[in-house]
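Take a look at the letters that make up each chain.
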Amino acid sequence: MTSPTPNATLLDTLKSPRSAASPIYSPSIRSTRLSEDSDDSLRDLELSDGPLLAETPRSLRPRSYSVSGFDFQHDLLPLSSSLSEPNEIHPESHEKRLSLVNGIALIVGLQIGSGIFSSPGVVVANTQSVGASLLVWFAAGVLGWTGASSFAELGSSIPVNGGAQAYLHYSYGPLVSYLFAWTAISALKPGGNAVISLIFAEYLNRLFWHSTRADAPPDAIPEWATKVTAVAAVVIVSAICVATPTLGTRAAVVFTTVKIIALVSITVLGLVQLARGRASTSFTEPLFEHSSTSPSAYALALYSGLWAFDGWDQANYVGGEMKNPEKNIPRAIHSSMVIVMILFILANVAYFTVLDKNTVGLSNTVALDFGRALFGPVGGIVFAAMVAFSCFGALNGSFFTSSRLIYVAGKEGYLPALFGRHNTFLKTPLNAMCLNAALTIMFILIGGGFRSLINFAVVASWAFYFLTVLGLVILRVKEPTLHRPYKTWIITPLVFCAVCIFLLCMPVIAAPLEAIAVLGFVLAGIPLYYITHRHEGQPTRAQVLLSNIAARFKGRPAPGAGWQAVATEGDENVEMEESRAFAR
């Protein structure tokens, strides 16, 4: 079929991607709205400044979807707007600059976070044995691997900005997509910030606590001291982000480097001790002795492992600038997941080589205990300082992006306009930063502590990950002809979904309060969706309702629901035509 020259005509003639008779569409053809979207996403904002999704390479095989089938970005919460410069729109980059090695390095860097320095204690406390703990870490890595492969297929098949939000919209419609974005802004981001701030606070408190005492158990620090320090960190980071908004992007490389140096040092030192035959009782006793038999305990252990591996869902975002992405994206995903799994398992082996499992199980600051056991108080101080420094940097970067998300949502009318304004003096989103800080402090004070917040964050995020990957299976059945530049094995999403069902059922028994809190946040987004949701060029339902109430109060016809004057054809007479401008 020969396409008409004007773009508007072309868009009108293209059919739905669900139609088998859809005409061929080249990836270079984009609607005006799609081409103006920025290149960031909710999950891509932490460390990556590259494009959101992989630009599908030009190939001899045409794609079987249409522009109109993916033209739903007007329904998405504006999480993909530019956050570094909210008033500036960045054009999409078509230059492929990343090699396979660069892509692997970026994905590995996105996954190595504060979790590996705090989660091992939670895992072994629930599994109650070293062998079962290592198996949980392996299972968490495999689950993240299956999720990354599934997201890579979705990213190559659904060529729009928005990440999981866009995939949910295409598979289930705008309501589920909105609920994901709403939960991310109101709960996931502030809850994640609270976890990072608590890790920072525990390491900082123990750093000074052990510098004044010869010996102290890992749980000797009062809970109130940790929470006060975490709140103080939130206030300081908020002030820094408001005063110096460009610090996060400049310092990200330094913080990431320190984090990786700490992890590699722990791994090497622990393996050296193991090679010298100086292992602790963790490896001299039977590995699976006293292992837990409770499924809910293993679910809680797996939550902490998954938290440490968090970042796998960003793998397909890196493909936006990769050379030969059709081959290099899956290679980068598989290679990076293998590397991270090996690093995390070896780090746990190092911890258990130096520390007994009881000490690890009590500690949320296992890196400090590791350094102290090897080199005395000086070693504990060095490792604690390194982890605290990297956590502070991660908190700074996360606060920068979280406040910009709130700013964009407020600017577009999805939150009160108060949060969509820049401070005239500081030229930064002060109101959005204050809201973000308030939500984070709320989670710190009433969230139940570090371990409860991890359960909350994992349950909330993995509920939507489950729906997203389940959408891949649905699309395999409903749209078998949809072109997939990268296609994972069907067993991959099926395994992912099966384990997710287990993870989402167990909180009813193991973490009921966290499950109820997640359900409350998600359900709260349903009325907000119907209040704030709007179509292109039209006011929100809330604005329509307020306009109608104001008009009736003044004794006037409601706007768009009364009569409007129209000219008749052939003369200058005027007729009155009833209209419903806002009816849907």
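Residues numbered from 1 in each chain as written. Predicted model: local features only at pLDDT ≥ 70, side-chain atom pairs only at ≥ 80, totals over all residues. Heavy atoms only, no water.

Here's the deal with the nonpolar core
Piece 1. Counting 117 residues, the largest nonpolar core has Phe117, Tyr203, Phe344 and Trp462 as its most contacted members.
Piece 2. The element contributing the most residues to this core is helix α18 (residues 450-478), with 15 residues.
Piece 3. Apart from the residues lying within four places of it in its own chain, the contact partners of Trp462 are Leu143, Leu306, Trp312, Phe496, Cys500, Leu503 and Leu504.
Piece 4. By size, the runner-up hydrophobic cluster in this structure holds seven residues, among which are Ile185, Tyr407, Val408 and Ala409. (Core = buried A, V, L, I, M, F, W, Y, C linked by side-chain atoms within 4.5 Å. Buried < 20%, exposed > 50% of the residue type's maximum accessible area, 1.4 Å probe, protein only. Helix = DSSP H or I, 4+ residues; strand = E, 2+ residues; numbered from the N terminus. Contact = heavy atoms within 4.5 Å.)

Some remarks on helix α7 (residues 164-172)
Piece 1. Along α7, eight of the nine residues are buried, which leaves the element largely enclosed by surrounding structure.
Piece 2. Among the residues making up α7, those that are buried are Ala164, Gln165, Ala166, Tyr167, Leu168, His169, Tyr170 and Ser171.
Piece 3. Directly beyond the C-terminal end of α7, a positive phi value near 110 degrees is found at Gly173.

Regarding the confidence of the model for the protein
When pLDDT is low, close inspection of the predicted coordinates is not appropriate.
Piece 1. On average, the protein scores 75 in pLDDT, and the residues at 70 or more come to 68%.
Piece 2. Per-element confidence in the protein is highest for helix α5 (residues 119-127), whose mean pLDDT is 93, and lowest for helix α1 (residues 7-13), whose mean pLDDT is 34.
Piece 3. Counted against residues more than four places away or in other chains, residues 78-94, with its pLDDT under 50, gives 50 contacts.
Piece 4. Ignoring residues within four places in sequence, the model shows residues 574-584, a span with pLDDT below 50, making 29 contacts including any to other chains. (pLDDT = per-residue confidence, 0-100.)

A closer look at the pattern of salt bridges
Piece 1. Applying the stated rule across the entire model yields four salt bridges.
Piece 2. The partner of Arg484 in a salt bridge is Glu153, and the shortest N-O contact between them spans 3.2 Å. Of the two residues, Arg484 sits in the loop between α18 and α19 (491-505) while Glu153 sits in helix α6 (residues 130-157), which places them 331 residues apart along the sequence. Considered together, Arg484 and Glu153 belong to a single accessibility category, that of buried residues.
Piece 3. A salt bridge links Asp369 to Arg206, with the shortest nitrogen-to-oxygen separation between them at 2.7 Å. (Salt bridge = Lys/Arg side-chain N within 4 Å of Asp/Glu carboxyl O.)

Here we look at a nonpolar patch on the surface
Piece 1. A cluster of nonpolar residues, Trp489, Ile490, Ile491, Leu494 and Val495, forms a patch on the protein surface that exposes about 520 Å² of accessible area.
Piece 2. Tracing the backbone through its elements, the reader meets Ile490 in the loop between α18 and α19. (Patch = residues over 30% accessible without salt bridge, like charges linked within 9 Å, V, L, I, M, F, W, Y side chains within 5 Å. Areas by Shrake-Rupley, 256 points an atom, 1.4 Å probe, with all protein chains shown as cover.)

Description of the side chain of Ser114
Piece 1. With respect to the helices and strands, Ser114 occurs in the loop between α4 (100-111) and α5.
Piece 2. With near-sequence residues (within four places) excluded, Ser114 lies in contact with Ile196, Ile199 and Cys391.

Points about the environment of Phe117
Piece 1. Counting through the fold element by element, Phe117 comes out in the loop between α4 and α5.
Piece 2. Once the C-alpha coordinates of Phe117 and Val387 are considered, the two residues, 270 residues apart in sequence, prove to be 7.4 Å apart.
Piece 3. If near-sequence neighbours (up to four positions away) are discounted, Phe117 is found in contact with Tyr203, Lys259, Ala262, Leu263, Ile266, Tyr351, Asn364, Thr365, Val366, Ala367 and Val387.

Some points on α18
Piece 1. For α18, built from 29 residues, the straight-helix expectation of 42 Å at 1.5 Å per residue is met to within 8% by its first-to-last C-alpha distance of 42 Å.
Piece 2. The element α18 is extensively covered by neighbouring structure, given that 22 of its 29 residues are classed as buried. (Expected span 1.5 Å × (residues − 1).)

Side note on the side chain of Thr488
Piece 1. Within the secondary structure layout, Thr488 lies in the loop between α18 and α19.
Piece 2. Polar contacts involving the side chain of Thr488 include one to the side chain of Thr492, which spans 3.3 Å.
Piece 3. Apart from the residues lying within four places of it in its own chain, the contact partners of Thr488 are Ser149, Glu153, Arg476 and Pro493. (Polar contact = N/O pair within 3.5 Å; in protein donor to acceptor, adjacent residues only side chain to side chain.)

A word on the environment of Val253
Piece 1. Its place among the elements puts Val253 in helix α10 (residues 247-275).
Piece 2. Accessibility expressed as a relative area gives 60% for Val253, which makes it exposed.
Piece 3. Taking C-alpha positions, Val253 is 9.9 Å from Gly109, a pair spaced 144 residues apart along the chain.

Structural notes on the environment of Ala279
Piece 1. Position of Ala279 relative to the elements: it lies in the loop between α10 and α11 (281-284).
Piece 2. When its relative accessible area of 27% is taken as the criterion, Ala279 is described as partly exposed.
Piece 3. C-alpha of Ala279 to C-alpha of Thr353: the two residues are 74 residues apart in sequence and 4.6 Å apart in space.
Piece 4. Excluding residues that lie within four positions of it along the chain, Ala279 makes contacts with Gln273, Leu274, Thr284 and Thr353.

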